[in-house]
Amino acid sequence: MLVLLHEGLGSVAMWKSVPEDLARLTGCGVLAYSRYGNGFSDVLQASRAVSYMHDEATEALPDVLDAFDVRNALLVGQSDGASIALIYAGEIGARLCGLVVEAPHVFVEDLSVRSIAQAKTAFESTDLPQRLGRYHADVQRTFYGWNDIWLHPEFRSWNIQNSVRSVRVPILAIQGVDDEYGTRAQLDAIVQDARNARVDTLMLANCNHAPHRDRADLVLPAIAAFVKSAAS
């Protein structure tokens, strides 16, 4: 079962045709869900903690796998979802045969903070709320729940390299050269730290923060090939 973990402002609907495309290319079942505070899941009721991605990985995700009786998962995560996948693999690791991590965050870069600050400006001065509002029950709470914690001073020390060091399953790590939220340093950290796992990397030109959308022509076949190798 491929389990899709969306980005910080993502939702089930924002995957567009990716679940169907991956099911067709891999022959696997695909499970996608909107995390708490996103999409049309329960609306966020309080500010997020620095530990929110660890909470999703070690508390919420196991409950989802239990609810759907997923016994052999391959996690496909983007951005925050990629970090959640890495944390789950390192901290729990059960019922898992591999990871695909797109635009992962392993530590906080200055570039990420600058771009997230720019996103706040765009949210408050453009039609971004209207565009995002199609995908979320309460776009204000969803946006600021993500934006506020990433810009909080305490979040600058957030780091999941200890989790990555404990990953044992194969990893496909994908990054866009033009990603406005992260650099190749994130993939380099995974390669360096995940010494007990096979790590394949894919750096893509003309690609921003959503490789599955920006370079679907290369990314979806690459995921399908990785799924086949991880399952063999």
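A short tour of the structure in this document, coming up.

**Some details on the overall build of the protein chain**
1) Next: A tally of helices and strands in the protein chain yields 10 helices and six strands.
2) Next: The C-alpha radius of gyration computed for the protein chain amounts to 16 Å, which stays within 12% of the reference 17 Å derived for 232 residues, consistent with globular compactness.
3) Next: The 232 residues of the protein chain split such that 53% are buried.
4) Next: Within the protein chain, contacts between residues separated by at least 24 positions form 76% of all contacts whose residues are at least 6 apart in sequence.
5) Next: Across the protein chain, 20 positive and 28 negative side-chain charges occur, with their mean positions spaced 4 Å apart.

**Looking at the nonpolar core**
1) Next: With 51 residues, the main nonpolar core has Leu75, Leu99 and Ile171 as its most contacted residues.
2) Next: If we skip the residues at most four places from it in the chain, Ile171 touches Leu86, Leu99, Val101, Ile190, Ala194, Ala197, Arg198, Val199, Asp200 and Phe226.
3) Next: Trp15, Leu22, Val100 and Ile223 belong to the second-largest nonpolar core, a separate cluster that totals 19 residues.

**Things to note about the pairing of strand 4 (residues 96-102)**
Remark: a regular strand shows side chains that alternate across the two faces of the sheet.
1) Next: By the criterion of burial, strand 4 is predominantly enclosed, with seven of the seven residues buried.
2) Next: Judged from the six bridges that link them, strand 3 (residues 73-78) and strand 4 form a sheet pairing that is parallel. Looking at strand 4, one finds that Val76 is bridged to Val100.
3) Next: After leaving strand 3, the chain enters helix 3 (residues 80-91) and then returns to the sheet as strand 4, a path that is right-handed.
4) Next: Looking at chain direction, strand 4 and strand 5 (residues 171-176) are connected through four bridges and run parallel. If you follow Glu102 over to strand 5, its bridge partner there is Ile174.

**Some points on the side chain of Glu7**
1) Next: Positionally, Glu7 belongs in the loop between strand 1 (2-5) and helix 1 (18-26).
2) Next: Buried and without a salt bridge, Glu7 has Arg213 as its closest oppositely charged side chain, separated by 4.8 Å.
3) Next: Filtering out sequence-adjacent residues up to four positions away, Glu7 remains in contact with Met14, Arg35, Asn38, Gln78, Ser79, Asp80, Gly81 and His209.

**A closer look at the sheet that holds strand 2 (residues 30-32)**
1) Next: A sheet is described by the order of its strands in space; here six strands give the open sequence 2-1-3-4-5-6, paired in parallel fashion. In this open sheet, the two strands that pair with only one neighbour each are strand 2 and strand 6 (199-204). Going across the sheet, the axis of each strand differs from the next one's by a mean of 15°, ignoring polarity.
2) Next: Pairing geometry for strand 1 and strand 3, over four bridges, is parallel. Within the sheet, the bridge partner assigned to Val3 lies in strand 3 and is Leu75.
3) Next: This element, helix 10 (residues 216-231), spans strand 1, strand 3, strand 4, strand 5 and strand 6 of the sheet and lies at about 170° to strand 5.

**Some details on the packing of helix 2 (residues 52-67) against helix 3**
The angle between the axes and the distance between the axes are what describe a pair of packed helices.
1) Next: Following both chains from N to C, one finds helix 2 and helix 3 inclined at 75°, their axes separated by 9 Å at the closest point. The angle between helix 2 and helix 3 falls in the class roughly perpendicular. On the side of helix 2, the interface is formed by Tyr52, Met53, His54, Glu56, Ala57, Thr58, Leu61, Pro62 and Leu65, while helix 3 contributes Asp80, Ser83, Ile84, Ile87, Tyr88 and Glu91.
2) Next: By residue class, the composition of the contact of helix 2 with helix 3 is nine nonpolar, three polar and three charged.

Thresholds, definitions, all that
Residues numbered from 1 in each chain as written. Predicted model: local features only at pLDDT ≥ 70, side-chain atom pairs only at ≥ 80, totals over all residues. Heavy atoms only, no water. Helix = DSSP H or I, 4+ residues; strand = E, 2+ residues; numbered from the N terminus. Rg over C-alpha atoms; globule rule 2.2 N^0.38 Å. Buried < 20%, exposed > 50% of the residue type's maximum accessible area, 1.4 Å probe, protein only. Contact = heavy atoms within 4.5 Å. Lys, Arg positive; Asp, Glu negative; His and termini not counted. Charge placed at Lys NZ, Arg CZ, Asp CG, Glu CD. Core = buried A, V, L, I, M, F, W, Y, C linked by side-chain atoms within 4.5 Å. Pairing = 2+ DSSP bridges. Right-handed = clockwise from strand over helix to strand, strands pointing away. Salt bridge = Lys/Arg side-chain N within 4 Å of Asp/Glu carboxyl O. Axes fitted to C-alpha atoms, helices over the stretch in contact; angles between N-to-C directions. Parallel < 35°, antiparallel > 145°, perpendicular 65-115°, else oblique. Nonpolar A, V, L, I, M, F, W, Y, C, P; charged D, E, K, R; others polar.

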